[in-house]
Amino acid sequence: MGRNMILSPSILAADFSILGKQIKEVEEAGAEYLHIDVMDGSFVPSISFGMPVIASIRKATGMIFDVHLMIERPERYIEEFAAIGADSITFHLEAVKEPGIVIDKIHGLGKKAGLSVKPATPISEIIPYADKLDMLLVMTVEPGFGGQEYIPASTERIREARRIFSERGLATDIQVDGGIRADNVHVVLEAGANVIVAGSAIFKGDIGENIKNMRKAFAAFEK
Ligand code: DX5
Ligand code: ZN
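Numbering of residues starts from 1 in every chain and runs along the sequence as written. For this description, chains carry letters from A and ligands carry numbers from 1, given in the order in which they are written. Whole-chain, interface and lining totals are the exception, using all residues; otherwise, since this is a predicted model, local features are given only for residues with pLDDT of at least 70 and side-chain atom pairs are given and counted only at 80 or more. Side-chain measures here rest on the full set of heavy atoms in the structure, leaving out hydrogens and waters.

Asks: Before we go on, may I ask you to explain the site of ligand 1 in this structure?
Replies: Each residue is tested against the molecule or strand, and it is near if at least one of its non-hydrogen atoms lies within 4 Å. The environment of ligand 1 is made up of 20 residues, and the closest members are D37, G144, D177, G199 and S200. For the purposes of these results, a polar contact is taken to be a pair of N or O atoms within 3.5 Å, where, inside protein, one atom must be able to donate a hydrogen and its partner to accept one; residues adjacent in sequence count only when each atom of the pair is a side-chain atom. Measuring from an oxygen atom of ligand 1, one finds a side-chain N or O atom of S10 at 2.8 Å. A distance of 2.8 Å separates an oxygen atom of ligand 1 from a polar backbone atom of G199. Using a 1.4 Å probe, the Shrake-Rupley method yields the accessible areas, and only the shown protein chains count as cover for residues. Taken by itself ligand 1 offers 390 Å² of open surface, and the protein chains cover 98% of this. Under the scheme used here, helices are H or I runs from DSSP no shorter than 4 residues and strands are E runs no shorter than 2 residues, and both carry numbers assigned from the N terminus. Of all the elements in the fold, those that place two or more residues in the shell around ligand 1 are strand 2 (33–39), strand 3 (64–70) and strand 8 (195–198). Partitioning the shell around ligand 1 into residue classes produces eight nonpolar, 10 polar and two charged. Only Asp, Glu, Lys and Arg are considered charged, only Ala, Val, Leu, Ile, Met, Phe, Trp, Tyr, Cys and Pro nonpolar, and every remaining residue, Gly among them, polar.

Given below as structure tokens:
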């Protein structure tokens, strides 16, 4: 094992009337990343938020901004997301013609590059980009909404992704997103994921308590 486990709370499930306060809470409770879901109403049915929100929360925290772009032709906005404070930029394989060029563009701006796949996209499609990526995001629900149930077939997909990286001698981060809670996180950790996104499981109820429970589940897995 020994893989670095990272928690990335998704602010999509936050109370936006007190967003700054809730971000402070996740930071103080020790979450490493902040997962920021950008939706355009076209790549996914819903619209979330965009640049002004990200720019203003950038001033409120030193956390690593893990930006998940659920937008068509994300290459149009990479410079802007980098400029307003994204540390890691993840886009969808299904939303671009040339993933390799977009990855290079992100790297050219000194940011980490992530590639995401929806539940129906074969994992093998990421192989051409495997050695360029900092992170692969295996969606564990259909992107677009928080609060959905984990899709069980995801487990085998995470395993396949970990196999692809291991066979190439790569320890690339594998992120999972959707339906992850303290009581099922062991399933994705065991399959090879190490960057855990959670929205509802962190922001609904007591944030500090929820993060503690998630950490306990990480620790239990390490034993
Ligand atoms: C869904 C988003 C997720 C979402 C996860 O399209 O990418 O990040 O916030 O929410 P939960 O953890 O509630 O499933
Ligand atoms: Zn997300």
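Asks: Would you take a moment to explain the pattern of salt bridges for this structure?
Replies: Opposite charge on two side chains permits pairing when their charged atoms draw close. For this analysis, a salt bridge means a side-chain nitrogen from Lys or Arg found within 4 Å of a carboxyl oxygen belonging to Asp or Glu. Scanning the model with the defined rule gives 13 salt bridges in all. With its nearest N and O atoms 3.1 Å apart, the salt bridge here joins E27 to K24. With E27 and K24 both in helix 1 (residues 19–28) and three residues apart, this pair spans about one turn of that helix. Classification of residues uses two cut-offs on accessible area relative to the type maximum, computed with a 1.4 Å probe and protein chains only: under 20% is buried, over 50% is exposed, and between them is partly exposed. The class of E27 is partly exposed, set by a relative accessible area of 26%. The class for K24 is partly exposed, based on a relative accessible area of 35%. Through salt bridges that share partners, E156, R159, R163 and E190 make up one connected network.

Asks: Looking at this structure, how should I read the packing of aromatic side chains?
Replies: Any two aromatic rings considered together are summarised by their centre-to-centre distance and by the angle between their planes. Stacked, edge-to-face and tilted are the three classes for Phe, Tyr and Trp ring pairs, Trp counted by its six-membered ring, which pair at centre distances within 6.5 Å; planes under 30 degrees apart are stacked, over 60 edge-to-face, the rest tilted. Taken as a whole and judged by the stated rule, the model has one aromatic pair. Consider the ring centre and the ring normal. A charge sits over the ring if Lys NZ or Arg CZ is within 6 Å of that centre and within 35 degrees of that normal. Directly above the aromatic system of F65 lies the positively charged group of R58, at a separation of 3.7 Å from the ring centroid. Over the ring of F43 we find K118; its NZ or CZ atom is 5.0 Å from the centre of that ring.

Asks: Even after reading the chapter, I still don't get the sheet that holds strand 3, so can you show me in this structure?
Replies: Picture the strands of a sheet paired through backbone hydrogen bonds; they go either parallel or antiparallel. Strand pairing is assigned whenever DSSP detects at least two bridges linking the two strands. Taken in spatial order, the eight strands make up an open sheet running 1-8-7-6-5-4-3-2, and their pairing is parallel. Two strands bound the open sheet, and with one partner strand each, they are strand 1 (6–9) and strand 2. Mean inter-strand twist for the sheet, computed between neighbouring axes without regard to direction, equals 20°. With axes taken as lines fitted to C-alpha atoms, and helix axes fitted only over the stretch in contact, angles between N-to-C directions fall between 0 and 180 degrees.

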